[in-house]
Amino acid sequence: MIDLRRDTITLPDAQMKEAAFDAVLGDSVYGEDPNQVALEELAADITGMDSAIYLPSGTMGNLVALLAHTNQGDEIILEMNAHIRTSETGGAGCVAGVMMHPIHGSDGIPHSSQVKAAIRPDDVHYPRTSLICLEIPHYRYGGIVPPVSQVESIVSLAKNESIPVHIDGARIFNACTYLGLDIKQLIDGVDSIMISLSKGLGAPVGSVLCGSVSFIDKAKRYRKMLGGGMRQTGWLCACGIVALSHDNILKLSIDHELARKLAVGLNKLREFSVDLTLVHTNFVIVDCLEPNTTAVKILEILRSNEILATQAGERRIRFVISREVSSENIEDILFIFSRLFE
Ligand SMILES: *Cc1c(COP(=O)(O)O)cnc(C)c1O
């Protein structure tokens with residue numbers, strides 16, 4: 001099976017396996033796992049933040065960030081289809097005890113004027129607005145990268161209002177690849193960022209959360225509280241160090257090239273349409289223009305050809321490209337699509 005449902009399916013490559021095999025282990029809860037310490041230092045260094053922690057998942061990374069930035073009863077501002085709101089099991093409300101103030105932003109980010117209007121005045125009736133969360137790239141809108149100018153204007157607004165900004169940067173390096181920007185430039189002025197190691201970067205497990213020393217000190221306590229103190233993490237963290245290496249990050253551009261190849265090829269077919277202006281990273285969303293078929297039917301045909309993709313609407317299909325997908329796989333998919341209506 002060629003799996004294009006998600007990029008979490010990536011497996012460690014030979015270099016990661018070797019690094020894991022050779023890893024010296026220690027108890028990470030006591031700060032004694034050399035690879036976890038090194039991974040956390042590397043993550044802080046790459047992001048230009050003062051400190052970082054390793055966590056078992058992106059969901060825990062975001063939740064720990066909410067806990068460390070806010071108090072119960074506070075309100076956070078985020079895009080209405082943000083992963084934190086739609087795909088993290090309500091942890092923001094249930095565990096962090098915050099209210100969510102959702103704003104629609106079709107570019108994957110709200111407009112800064114909308115954010116400004118959503119900030120609560122200092123009044124005893126209102127919850128305190130204590131965090132702004134941005135998701136870069138935006139997952140539910142097909143891995144799109146919001147305009148950098150909009151990120152900058154929200155960050156500067158937040159500074160003026162003394163409200164911290166957290167980035168859900170599960171795939172931040174895909175955004176950096178698309179923009180041709182160093183991560184430090186893209187996240188300049190933000191207070192914290194969560195980055196997944198287990199998606200396009202290929203590590204088997206884990207995420208990192210980066211921020212100031214005092215923020216990470218708080219985050220460490222919440223990580224432990226939530227059960228994220230994992231003892232001998234060295235095997236996983238050794239993979240994470242390879243995941244964050246410069247050469248490994250560069251490989252994301254191959255995923256993007258393949259996504260574009262698939263998108264352009266599908267868009268050439270009479271019965272299909274892809275908005276090529278929205279193919280920014282490793283996601284391709286294709287609409288079938290033929291009213292007599294459905295995404296479900298097409299997905300069945302793909303499955304019978306050992307290709308997996310996701311339904312994203314009545315006649316809409318989503319592909320996510322990762323390093324497990326080859327150029328030949330893309331050609332096979334295009335060939336199958338070209339024959340669908342023969
Ligand atoms: C995958 C993802 C997460 C959560 O990561 P998990 O490791 O799956 O918990 C958070 N935000 C975004 C945008 C994601 O795509």
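Residues numbered from 1 in each chain as written. Predicted model: local features only at pLDDT ≥ 70, side-chain atom pairs only at ≥ 80, totals over all residues. Heavy atoms only, no water.

Draft legend 1. Molecular detail of unusual backbone geometry. Residues Ile 136 and Pro 137 are joined by a peptide bond in cis, for which omega reads -10°. Mapped onto the elements, Pro 137 comes out in the loop between β5 (129-135) and α7 (148-161). Even without being glycine, Arg 231 reaches a positive phi, approximately 60°. Looking at the secondary structure, you find Arg 231 in the loop between α10 (213-225) and α11 (234-243). Since its relative accessible area comes to 33%, Arg 231 is described here as partly exposed. Of note, the phi angle at Glu 306 is positive, near 65°, even though the residue is not glycine. Of note, Glu 306 is situated in the loop between α14 (295-304) and β11 (307-308). Given a relative accessible area of 48%, Glu 306 falls into the partly exposed group. (Helix = DSSP H or I, 4+ residues; strand = E, 2+ residues; numbered from the N terminus. Buried < 20%, exposed > 50% of the residue type's maximum accessible area, 1.4 Å probe, protein only.)

Draft legend 2. Quick peek at the side chain of Asp 7. With respect to the helices and strands, the residue Asp 7 is situated in the loop between β1 (2-3) and α1 (14-22). Using a relative accessible area of 0% as the deciding quantity, one classes Asp 7 as buried. Within polar-contact distance, the side chain of Asp 7 engages the side chain of Arg 171 at 2.7 Å. Of the polar contacts made by the side chain of Asp 7, one reaches the side chain of Asn 282; its length is 2.9 Å. (Polar contact = N/O pair within 3.5 Å; in protein donor to acceptor, adjacent residues only side chain to side chain.)

Draft legend 3. Main features of the site of the ligand. Neighbouring residues of the ligand: 13 residues in total, closest Gly 58, Thr 59, Asp 168, Arg 171 and Lys 199. Within the side chain of Thr 59, one N or O atom sits 2.6 Å away from an oxygen atom of the ligand. Interatomic distance of 2.8 Å between a side-chain N/O atom of Arg 171 and an oxygen atom of the ligand. Considering the ligand on its own, with 380 Å² of exposed area, one finds that the protein chains cover 85% of that surface. Considering every element that reaches the shell around the ligand, the biggest residue donor is helix α3 (residues 58-69), with three residues. Residue classes in the shell around the ligand are distributed as three nonpolar, five polar and five charged. (Near = heavy atom within 4 Å. Areas by Shrake-Rupley, 256 points an atom, 1.4 Å probe, with all protein chains shown as cover. Nonpolar A, V, L, I, M, F, W, Y, C, P; charged D, E, K, R; others polar.)

Draft legend 4. Quick look at the sheet that holds strand β2 (residues 51-55). In spatial order, the strands read β2-β8-β7-β6-β5-β3-β4; together these seven strands make up an open sheet with mixed pairing. Unpaired on one side and paired on the other, β2 and β4 (99-103) mark the two borders of the sheet. The average angle at which neighbouring strand axes cross in this sheet is 20°, direction not considered. Against the sheet, helix α2 (residues 34-47) engages β2, β7 (192-196) and β8 (207-211), with an angle of about 130° to β2. Contacts from α10 reach β2, β7 and β8, with the element oriented near 20° to β2. (Pairing = 2+ DSSP bridges. Axes fitted to C-alpha atoms, helices over the stretch in contact; angles between N-to-C directions. Contact = heavy atoms within 4.5 Å.)

Draft legend 5. Local environment of the sheet that holds strand β13 (residues 316-320). The antiparallel open sheet is built from four strands, whose spatial order is β9-β10-β13-β12. With one partner strand each, in any of the chains shown, β9 (272-273) and β12 (310-313) form the two edges of the open sheet. Both strand β10 (residues 283-288) and β13 contribute to a ladder of five bridges, which runs antiparallel. Bridging from a neighbouring strand, Asp 287 pairs with Arg 316 of β13.

Draft legend 6. Representation of the pairing of β12 within the structure. Judged from the three bridges that link them, β12 and β13 form a sheet pairing that is antiparallel. Note that in β13 the partner of Thr 310 across the bridge is Arg 318. In sequence, β12 turns back onto β13 through a hairpin of two residues.

These figures capture arrangement, not role.
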